[in-house]
Amino acid sequence: ILYEKNRYKEALNEFKVYVKRYPQDEKRDAAEFMIEACQRPPPAVKERRPSFKKAKAENVRVLLATGLQAIRLDSTSMFEVRDGYGKNISEKVQSAILTISGGNIRLDGKSISHDRLVIVSTEGQWLNLNGTPYRGDLRIAKSARGDMDVINVLDVEAYLCGVVPKEMSPQWPLEALKAQAVAARTYVLYQKEKGKDRDYDVIATTASQVYGGAGVESPMSNQAVDETKGMVLLYEGQLALTYFHANSGGMTEEARRVWNADVPYLKAVRDDYSVKAPGCSWKLSLNIDKIRVALNRKGLDVGQIEKLM
């Protein structure tokens, strides 16, 4: 409501309080989007289409897994286990087991007095986390829950090589893969820019965009990443919010109807391609009582539902 009344500073404070109070809530992403919208109110200028630019090379932090009690690490080359300050805490090894017990992380059964670790390949080879290969470094952190979180830190372009073939078939035409690479690059850099207060920028699932690590890379999708290196979409000189989907059902929705924040380039448009794709239509059956309870939970006291039209 505050946002709709153009009281952006007040709305910004409310959304920040919400995110701080409910950091794991399912609507956190929507709240963070609204924070971004409040910080960049709709411009009172003539609408323009997004434009391209080349972004500088930088790293991205990808949350791979949470809630782990045991982690198996190995590599085809030697790697180092360092503390959060970059100091080595073990000899170079090719494999290691991390567990957590009694509130402490254990390295190959030996308790260590560190809550944060960095796994670094000494020869630039892939690091395997529980059998899955990844480029870059791995950060292991003890969580407040008493288990371990794993974050992959790597170059954005290398990250995209593990994203594009998971979000689009690498057998599709090269130009389609290049478009996907630009959208995915813009999305991750947008999230990185607004997530500086977090330990990670994106999640390796559909909560952000799907990332499969080095093992899913394909020559065609890698070529698409290489040929669009650094290319991103801008609107009004800022990174665009490039949401994408597998199937729209034939029609997209305007951003203001989803988040109450107008994004000039996210408009409702027909999508005839989705209508021809698998999964375009689906059915969900709900009885009247379930609908009434769901509405009541949202603060809409509708009473007894007699009929739906």
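Everything discussed here concerns the structure shown above.
Rules used throughout
- Residues numbered from 1 in each chain as written.
- Predicted model: local features only at pLDDT ≥ 70, side-chain atom pairs only at ≥ 80, totals over all residues.
- Heavy atoms only, no water.
- Helix = DSSP H or I, 4+ residues; strand = E, 2+ residues; numbered from the N terminus.
- Buried < 20%, exposed > 50% of the residue type's maximum accessible area, 1.4 Å probe, protein only.
- Contact = heavy atoms within 4.5 Å.
- Areas by Shrake-Rupley, 256 points an atom, 1.4 Å probe, with all protein chains shown as cover.
- Salt bridge = Lys/Arg side-chain N within 4 Å of Asp/Glu carboxyl O.
- Phe/Tyr/Trp six-rings, centres within 6.5 Å; stacked < 30°, edge-to-face > 60°.
- Polar contact = N/O pair within 3.5 Å; in protein donor to acceptor, adjacent residues only side chain to side chain.
- Pairing = 2+ DSSP bridges.
- Patch = residues over 30% accessible without salt bridge, like charges linked within 9 Å, V, L, I, M, F, W, Y side chains within 5 Å.

Draft legend 1. Just the overall build of the chain, in detail. A count of helices and strands for the chain gives nine helices and 14 strands. Principal-axis analysis of the C-alpha atoms gives the chain an extent of 70 × 45 × 40 Å. Looking at the chain residue by residue over its 309 residues, the buried ones come to 39%. Across the chain, the fraction of contacts at a sequence separation of at least 24, relative to all contacts at a separation of at least 6, is 65%. Element-wise, carbon and sulfur atoms account for 51% of the exposed surface of the chain, whose accessible area totals about 18500 Å².

Draft legend 2. Spatial organisation of the pattern of salt bridges. Taken as a whole, this structure holds 18 salt bridges when the rule is applied. Measuring nitrogen to oxygen at the nearest pair gives 3.1 Å for the salt bridge that ties Arg145 to Asp147. By relative accessible area, which is 52% here, Arg145 ends up exposed. Residue classification places Asp147 among the buried positions, given a relative accessible area of 8%. Asp149 is the salt-bridge partner of Arg145, the closest N and O atoms lying 3.0 Å from each other. What emerges from the salt-bridge pattern is a single network uniting Arg145, Asp147 and Asp149.

Draft legend 3. Up close: the packing of aromatic side chains. Applying the stated rule across the entire model yields six aromatic pairs. A ring pair is formed by Tyr159 and Tyr211, whose centres lie 5.1 Å apart and whose planes are at 45°; its orientation type is tilted. Placement of Tyr159 in helix α3 (residues 156–161) and of Tyr211 in the loop between β12 (202–203) and α6 (219–227) is noted, with a sequence separation of 52 residues between them. By the burial criterion, Tyr159 is buried, and Tyr211 matches it. Centre to centre, the rings of Tyr235 and Tyr265 are 5.1 Å apart; their planes meet at 55°, and the pair counts as tilted. Note that Tyr235 is positioned in strand β13 (residues 231–235) and Tyr265 in the loop between α7 (255–259) and α8 (272–275), a separation of 30 residues in sequence. Chaining the aromatic ring pairs together yields one cluster made of Tyr134, Tyr159 and Tyr211.

Draft legend 4. Molecular detail of the environment of Glu80. Tracing the backbone shows Glu80 in strand β3 (residues 70–83). Residues Glu80 and Arg257 lie 177 residues apart in sequence; the distance between their C-alpha atoms is 50 Å. The contact partners of Glu80, leaving out residues within four places of it in the chain, are Asn88, Lys92, Val118, Ile119, Val120 and Thr122. A polar atom in the side chain of Glu80 sits 2.7 Å from the side chain of Arg82.

Draft legend 5. Region of the structure containing the pairing of β13. For β13 and strand β14 (residues 238–239), the ladder comprises two bridges, and the chain directions are antiparallel. Within β14, the position partnered with Tyr235 by the bridge is Gln238. Between β13 and the antiparallel strand that follows it, β14, lie two residues; Glu236 among them carries a positive phi value of about 55°.

Draft legend 6. Representation of a nonpolar patch on the surface in the model. A cluster of nonpolar side chains, namely Trp282, Leu284 and Leu286, defines an oily patch on the protein surface of about 410 Å² accessible area. With respect to the element layout, Leu284 can be found in the loop between α8 and α9 (288–297). Judged by its relative accessible area of 60%, Leu284 is exposed.

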